[in-house]
Amino acid sequence: MNRRHLAAWAGMAACLSATGSPAADSGSVDWPAYAGDERASHYSALTQITPANVAQLRLAWRYRIDWPANRSVALEVTPLKIGDLVYVCLPQNDVVALDADSGAVRWRYAAQLRPWSGSTVCRGLAYYRAPTATAECPARVLMTSADATLRAIDARTGAPCRSFGVAGTVDLLLGLGAVKTGFYTPTSPPAIVRGLAVVGSGVPDNGEVENPSGVVRAYDALTGKLVWAWDVDHPQWHGAPPPGANYSRNTPNAWSVMSADEGLGLVYVPTGNSNPDYYGAHRSAQSEKYSSSVVALDAQTGTVRWSFQTVHHDLWDYDVGAQPVLVDLPTAGGRVPALIQATKTGQVFVLDRRDGHPLTKVEERPVPQGSGRGDWTAPTQPFSTGMPQFTGPNLTEEDMWGITPVDALWCRIKYRSARYDGPMTPPSDHGWIYSTGFLGGIDWGSVAVDERQDIMIVNAFRMANRNYFASAAQFGNDPNVKLPFPFYHQEGSPYFAVYTAVFRSPLGVPCQRPPYGTLSAVDMKTHKLLWSHALGTSRNSGPLGWQLPLDLPMGSPNIGGSLLVGSGIAFIGATLDQYFRAIDVRTGAQLWQTQLPSAAFANPMTYLSQRSGRQYVLIAAGGNSLMAHNKGLFIMAYALPQHPR
Amino acid sequence: MKRYGPAPRAPWIFAVILLLLGLVLTAGGAQLLWLAGSPYYLVTGILMILAAGLLWRARRLGMWLYLLILGYTVIWSLWEVGLDGWSLASRLGLLVLLALFFAFPGVRRRLT
């Protein structure tokens, strides 16, 4: 209480001086790419909001997204801000431009999607300004849509850029062959590099082995013309497939956000796996080579310059979700262009982004062996031993948890009867537990880095999965049965289906002890932890699906990343408890929090409005159907109270 | 003829709750021990059934037996997880809650 008041008073003084001279803020006042810029550090040099005044933050405006309350959704968008406008893609792939100071809608682009099903996620947009004056769309917003298109929209008016593709749209289904409705649903913004928009894909997990190709394609950001393609099984095709042929099916797909180095001319692609997730005997040699990796492609040709595999022969759904973060880091030989690749296993790999060689120690360590029925297990896996781990300790029987001895006993029995041999425990006919689970570790929220202080902020989710294979007999021997959640078909494997879920007791309580979420800071000079705390409380969770309003410091499951601002604050939502928080980067102490209308499984962003001189911090709060029901979808904008100028 | 009903003035609802808890812990505990897990649950389950039987007969010994279970559970918990608050809460929460029942003087007076 006392500290809060002190901070408020100190803050008021700082705030008065800060708003008096917005020009004092160095760095960009905009947020022109998903994670700040194509280097994706989630960092802004803006300093108007400081540790001293952040406690005064309040809601400046909010924008309500129209979305049916009962329809499933995952709001994961990070808005862009350029000039006076904030650009947001909505789950239905409509795009709105909002006034940066008021949140009022300046224009709205209606996507009018082709019939599609499945994913309704739009993580964000890309922004591209033509290098020379063009008659149409000198500045444009680019978006991949759930109905498999790449679209260009005039950033000023919201009109489709007619000169791009066919009337503003490029059809991403071309060259893929037959694609079932809902089987190709990109969710991430294109990467912009050297005048190109590079797009990945988005295919369903598990299910079938005839999934569409994971081909990565680059289009001219002005014309929408295909410039290159990277199909792992056809490296000799540099563009569209030859007549009559299609890109190879079921190759590792790049569903998450890429980053790019304009100077080096490289685009960095995080990759997933071939289907199904828990069996891999049939994967092609090329797919094996590039799955669960970060791949550096030549921005001009799409040829592979280097790749680094984070998990060999992935049998855990450990696809790389985190956007590669490109920062220059100190080494014994001076500052080096680095790439930080966080993974769902809770590892953080630090590589030289010119050639992919590790800058901190990576060890190939023996791992448990013995996945069955014709499949094989990689003898070793890479462990980033030169960096702190965010995996959590290995699970023991004593770690089994419950709110009563009865559910804890249930968890102990499951723990003892399933296979668990520490990290990378492979699938087993007797059921298996693996930790971290398929939600991470560190998923698409990635990490945030302040290059001035060489500090990295990491939020990690720590919850095991419990899996077992199920036979067709369990489902009446009907091969086409629609499986109940959380069972998934394992076509292409000797198994009919897999049960894969967070390891929880029948009461819906995690089978392992808290914390379930952590927030940590790492000194990138020494590669040591500066601090690490439980992130989030038990609010909105509880046994039997109850959403109890209790703020017990359990560390919350979290999805989505953090934002760092130059004054030394990390902003983060991401937690199930529905709070949006400001954390002191130096100490890890919480400086401010506010309750959101829905959980914010999205990355925050910030900008300065040059018109008003105010710095805003934005976050999308809309929950998601897997973890928390949406209670309304909002873009929330926070700023310091306005002072007379 | 043997009497199966609760003794007069016996805390029979509490005894039934304890019996059910004991049965579940015994069955699950046996399975866990079979899987090379902790013997704590099987032992505790059996003692809880005994305690439930004694309380059914309004025997004060049932209370002491329950408190003995609570006592060694505290020691076992500290041995397993040290001072980890969440882990202690999981092991002790329900047992402490049930122990509060004996805090009522009326309950203790009814036991002989």
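Just so we're clear, the structure is a prediction, and the values are computed from it rather than from any experiment.

Draft legend 1. Representation of the overall build of chain B in the model. Per the secondary structure count, chain B includes five helices and zero strands. Counting helices and strands in the order they occur from the N terminus, chain B gives α-α-α-α-α. Considered along the principal axes of its C-alpha atoms, chain B spans approximately 45 × 30 × 15 Å. Sequence-distant contacts, at least 24 apart, represent 51% of the contacts inside chain B between residues at least 6 apart.

Draft legend 2. Up close: the overall build of chain A. Helix and strand counts for chain A come out as three helices and 38 strands. For a compact globule of 645 residues, the expected C-alpha radius of gyration is about 26 Å, and chain A comes in at 24 Å, within 12% of that figure. Along the longest, intermediate and shortest principal axes, the C-alpha atoms of chain A span 70 × 65 × 55 Å. With 645 residues in all, chain A has 59% of them scored as buried. Pairs at least 24 residues apart make up 63% of the contacts formed inside chain A by residues separated by at least 6 positions.

Draft legend 3. Here's a closer look at helix α3 (residues 405-417) of chain A. Relative to the 18 Å expected for 13 residues at 1.5 Å per residue, α3(A) spans 18 Å between its end C-alpha atoms, a close match to the ideal helical length. The buried fraction of α3(A) amounts to ten of the 13 residues, a majority that puts the element mostly inside the structure. All of the buried residues in α3(A) are Pro405(A), Asp407(A), Ala408(A), Leu409(A), Trp410(A), Cys411(A), Arg412(A), Ile413(A), Lys414(A) and Tyr415(A). On its buried face, α3(A) sits against β24 (432-434) and β27 (465-470) of chain A together with α1 (12-34), α2 (40-56) and α4 (85-99) of chain B.

Draft legend 4. Here's a closer look at the nonpolar core. Formed by 223 residues in total, the largest nonpolar core has its most connected members in Ala197(A), Val267(A), Ile340(A) and Val447(A). Residue contributions to this core peak at nine residues, all from α2(B). In this structure Ala197(A) touches Ala126(A), Tyr128(A), Leu142(A), Leu150(A), Pro190(A), Ile192(A), Ala218(A), Tyr219(A) and Ala221(A), once residues within four positions along its chain are discounted.

Draft legend 5. Spatial organisation of the interface of chain A and chain B. Contacts between the two partners involve 17 residues from chain A, matched on the other side by 20 residues from chain B. Grouping the amino acids of the side of chain A that touches chain B by side-chain chemistry returns nine nonpolar, three polar and five charged.

Draft legend 6. Local environment of the pairing of strand β34 (residues 579-584) of chain A. Residues and elements named next belong to chain A. Across the six residues of β34, five count as buried, placing the element largely inside the fold. With four bridges connecting them, strand β33 (residues 569-572) and β34 associate as antiparallel partners. Bridge assignment links Ala570 to a residue of β34, and that residue is Ile583. Hairpin connection from β33 to β34: six residues lie between these consecutive antiparallel strands, with Ala574 at a positive phi of about 70°. Relative to strand β35 (residues 590-595), β34 runs antiparallel, the two sharing five bridges. Looking at the pairing, Ile583 lines up with Gln590 of β35.

Draft legend 7. Region of the structure containing the sheet that holds strand β14 (residues 226-230) of chain A. Residue and element names in this part refer to chain A. Ordered by their spatial adjacency, four strands build an open sheet running β11-β12-β13-β14, and the pairing between neighbours is antiparallel. A single partner strand is all that each edge strand has here, and the edge strands are β11 (191-193) and β14. Averaged over all pairs of adjacent strands, the angle between strand axes in this sheet comes to 20°, irrespective of strand direction. Alignment of strand β12 (residues 196-199) against strand β13 (residues 216-220), held across four bridges, turns out to be antiparallel. In the strand pairing of β13, Leu196 is matched with Asp220.

Quick notes on the rules
Residues numbered from 1 in each chain as written. Chains lettered and ligands numbered in written order. Predicted model: local features only at pLDDT ≥ 70, side-chain atom pairs only at ≥ 80, totals over all residues. Helix = DSSP H or I, 4+ residues; strand = E, 2+ residues; numbered from the N terminus. Contact = placed C-beta atoms within 7 Å. Rg over C-alpha atoms; globule rule 2.2 N^0.38 Å. Buried ≥ 20, exposed ≤ 12 C-beta atoms within 10 Å, placed from the backbone. Expected span 1.5 Å × (residues − 1). Core = buried A, V, L, I, M, F, W, Y, C linked by C-beta atoms within 7 Å. Nonpolar A, V, L, I, M, F, W, Y, C, P; charged D, E, K, R; others polar. Pairing = 2+ DSSP bridges. Axes fitted to C-alpha atoms, helices over the stretch in contact; angles between N-to-C directions.

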